[in-house]
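# Structural description and commentary
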Amino acid sequence: MSGPHDVLTYDTDNAKLVTPSASTAGQSRTTRRQNCVQVPWPVFLPPMQDSDSRFSSEQRENYNKMPGGRQGTRCLPLVRKWLLQSWKVLFVLLPAVALVLLYNGYIVQQSETHLPQPLVPVHSDQGQNDFQADNSSQNAGINSTKSLSRFIVYSCNKITVCGGWADRQKGIVVTYLIALMMNRKFRIDMPRPCDLQFFLVPNEVDWLMRPGETKGHSIKEIEAIDGHGLNFVDKLLKKGDLSIPEMDADYVVITANMDSVNELKKHPLAKTVPLLSNETSVPEIYRKSLGKLFTLSSGLRKTLDVAMESRSPDTKLVCAQVRMGGAGKDYNDSESFNSMANVENLMDFLSRYNDSTKYRMYFSSDSQKVVELGQAKFPNLVITIPGPITHVDKSKGSDACAGFGHVIVEQTALSTCDVLVISESGLGKIAAFLRNTDQELYLFHNGKVEPFRRDMRFVNRQW
């Protein structure tokens, strides 16, 4: 008989009540296996009756007082024991992992209700009326009614190379000008790496694609990337009315990344488009075209305003746009533009502005090291705009969408600088176009900082 103070438990494997003092001889083979461990196991047994003479009255009383059923034991293999005892850890970890996954996909997976509201309502004709006014002088020789029921679409939609933000801006401007020359409506379809409307909304021209608007219409797609783009423009401009077979569709969808503005200016139809007049320079055409098409979304405007709060009206903004090239965080740039050794020369040039009573500084770069070096050199002057450094076309990670917005707001900030140093980069050059002056504009290349003009070509690159 067990002692009066032994605690009874229920051996689930053998379906019987036992006491800790029970001899090992009576245990099952399972409990004697070295890879088997006794663990608490809740079982729900009926109360023990007073008539049960196998146990003392004190044991029966203690047994019947066990809350939530009778406490049993069970012999479990070690792996099953680990799983059983790990449930608390899993209970904490699984929600945490789920939250991380949801956060990483949040920006890309936003619903349409979170899109910034366009300045031109989606179902309004206001933007297109402005567009038609732009084209009011070019109706001669073209069936206006037919043309304005047709569209030119700049597209970065399918799995193909579109280029970085500057390459896309070149393609947008060229396709927009072609639309003006052909008296067609203009649209932009750019959901990669996320919808352009998150960051830019229509200003004077309604370029928004409506859901299903191409249904029932003829569509032709043209990939005018790099050399293919030059060949396409060359073929297009050989026709006096631009009516090559590739353009004979209700929706002509073009993916382009080349600057062909000078070529378009030479075509006879350019005379019908005020933007393409001989008196208008290429930088001015870019500035006016992009200004008619885009304005910052409210969210991006707020980001820029907050970043510039430390800039008083009495201080000038000195900016350096430094493209390094090479490998980034999650992409590889095939070209190299500058070295960290050369960047030291840039810092020496900028040291003349090291006066917090007169200046603020902003560094834009595809290298975090350059940004950090600028912050270390000029800690009292540097303005920062938060956001990941990515490549708009090459980055595929969770930061790709936020990085896209960061590039756009950076270029906008650069366009407001009183002193601007750019690299041999389309992003910097278009920022200089938008800035609308050559005063205190410099080019950083080959370790040197030299005066530059917006209409000049880069030293080491074609554009």
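Everything numeric here is computed off the predicted structure, so don't read it as measured data.

About the cut-offs
Residues numbered from 1 in each chain as written. Predicted model: local features only at pLDDT ≥ 70, side-chain atom pairs only at ≥ 80, totals over all residues. Heavy atoms only, no water. Buried < 20%, exposed > 50% of the residue type's maximum accessible area, 1.4 Å probe, protein only. Helix = DSSP H or I, 4+ residues; strand = E, 2+ residues; numbered from the N terminus. Arc of directions from axis to C-beta. Phe/Tyr/Trp six-rings, centres within 6.5 Å; stacked < 30°, edge-to-face > 60°. Lys NZ or Arg CZ within 6 Å of the ring centre and 35° of its normal. Disulfide = S-S within 2.5 Å. Salt bridge = Lys/Arg side-chain N within 4 Å of Asp/Glu carboxyl O. Contact = heavy atoms within 4.5 Å. pLDDT = per-residue confidence, 0-100. Pairing = 2+ DSSP bridges. Axes fitted to C-alpha atoms, helices over the stretch in contact; angles between N-to-C directions.

## Concerning helix H13 (residues 368-377)
By the burial criterion, the buried members of H13 are Val370, Val371, Leu373 and Gly374. Summarising the axial view, the buried residues of H13 lie within an arc of 160 degrees, below the 170-degree limit, and thus occupy one face. For H13, the exposed residues set more than 90 degrees away from the buried face come down to Lys369 and Ala376.

## Focus: the packing of aromatic side chains
Each aromatic ring pair is described using two quantities: the centre-to-centre distance and the angle formed by the ring planes. A complete count under the given rule lists 14 aromatic pairs for this structure. Look at Phe151 and Tyr251: their rings are 4.4 Å apart centre to centre, the planes differ by 5 degrees, and that puts the pair in the stacked class. Of the two residues, Phe151 is situated in strand E5 (residues 151-155) and Tyr251 in strand E9 (residues 251-256); the sequence distance between them amounts to 100 residues. A relative accessible area of 2% means that Tyr251 is categorised as buried. Ring centres 5.0 Å apart and planes at 65 degrees place the aromatic pair Phe349 and Tyr442 in the edge-to-face group. Taken together, the residues span a long stretch of sequence, with Phe349 in helix H12 (residues 340-350) and Tyr442 in strand E17 (residues 441-445) at a distance of 93 residues. Clustering of aromatic rings is evident, with ring pairs tying together Trp165, Phe198, Phe199 and Phe404. Positioned above the aromatic ring of Trp463, the side-chain terminus of Lys170 is 4.3 Å from the ring centre.

## Concerning the state of the cysteines
Enumeration according to the criterion identifies three disulfides in this entry. Between the sulfur atoms of Cys156 and its disulfide mate Cys162 the distance is 2.1 Å. Across the S-S bond of Cys156 and Cys162 the torsion is about 105 degrees, and the bridge reads as right-handed. By relative accessible area, Cys156 is classed as buried at 0%. What makes Cys162 buried here is its relative accessible area of 0%. Two residues share a disulfide in this structure: Cys194 and Cys401, whose sulfurs sit 2.0 Å from each other. On the sign convention where negative means left-handed, the S-S torsion of about 85 degrees between Cys194 and Cys401 marks this disulfide as right-handed. You can see Cys194 sitting in the loop between strand E6 (185-189) and strand E7 (200-202) and its partner Cys401 sitting in helix H14 (residues 400-414), a full 207 residues away along the chain. Classification of Cys401 by relative accessible area gives buried; the value is 0%.

## Looking at the pattern of salt bridges
Enumeration over the complete set of coordinates arrives at 17 salt bridges. We note a salt bridge from Asp250 to Arg150, for which the minimum N-O separation is 3.6 Å. With Asp250 in the loop between helix H8 (227-237) and E9 and Arg150 in the loop between helix H6 (144-147) and E5, this residue pair connects regions lying 100 residues apart in the sequence. A relative accessible area of 11% places Arg150 in the buried class. Among the ionic pairs, Glu246 bridges to Lys235, the shortest N-O distance being 2.6 Å. Within this pair, whereas Glu246 is found in the loop between H8 and E9, its partner Lys235 is found in helix H8, the two being separated by 11 residues in sequence. Classification of Lys235 as partly exposed rests on a relative accessible area of 40%.

## A closer look at the environment of Ser298
By the secondary structure assignment, Ser298 is in helix H11 (residues 298-307). Judged by relative accessible area, which is 60%, Ser298 ranks as exposed. For the pair formed by Ser298 and Phe198, sequence separation is 100 residues and the distance between their alpha carbons is 9.3 Å.

## Structural notes on the side chain of Asn338
Take Asn338: it is sitting in the loop between strand E13 (332-336) and H12. Note on Asn338: relative accessible area 12%, which makes it buried. With residues near it in sequence (within four places) discarded, Asn338 still touches Val322, Arg323, Met324, Ser423, Phe444, His445 and Asn446.

## So, the confidence of the model for the chain
For the chain, per-residue confidence averages 79 on the pLDDT scale, and residues scoring 70 or more make up 67% of the total. Long-range and interchain partners of residues 12-16, a stretch whose pLDDT sits below 50, account for 12 contacts in this model, where long-range means more than four residues apart. Of the regions scoring below 50 in pLDDT, residues 67-71 engages in 17 contacts with residues more than four places distant in sequence or in other chains.

## Examining the sheet that holds E17
A sheet is described by the order of its strands in space; here six strands give the open sequence E15-E14-E11-E16-E17-E18, paired in mixed fashion. With partners counted over all chains shown, the strands left at the sheet margins are strand E15 (382-383) and strand E18 (448-451), one partner each. Across the sheet, H13 is in contact with strand E11 (316-322), strand E14 (359-365) and E15; its angle to E14 comes to roughly 165 degrees. Set on the sheet, H14 makes contact with E11, E14 and strand E16 (419-422); between it and E14 the angle comes to about 140 degrees.

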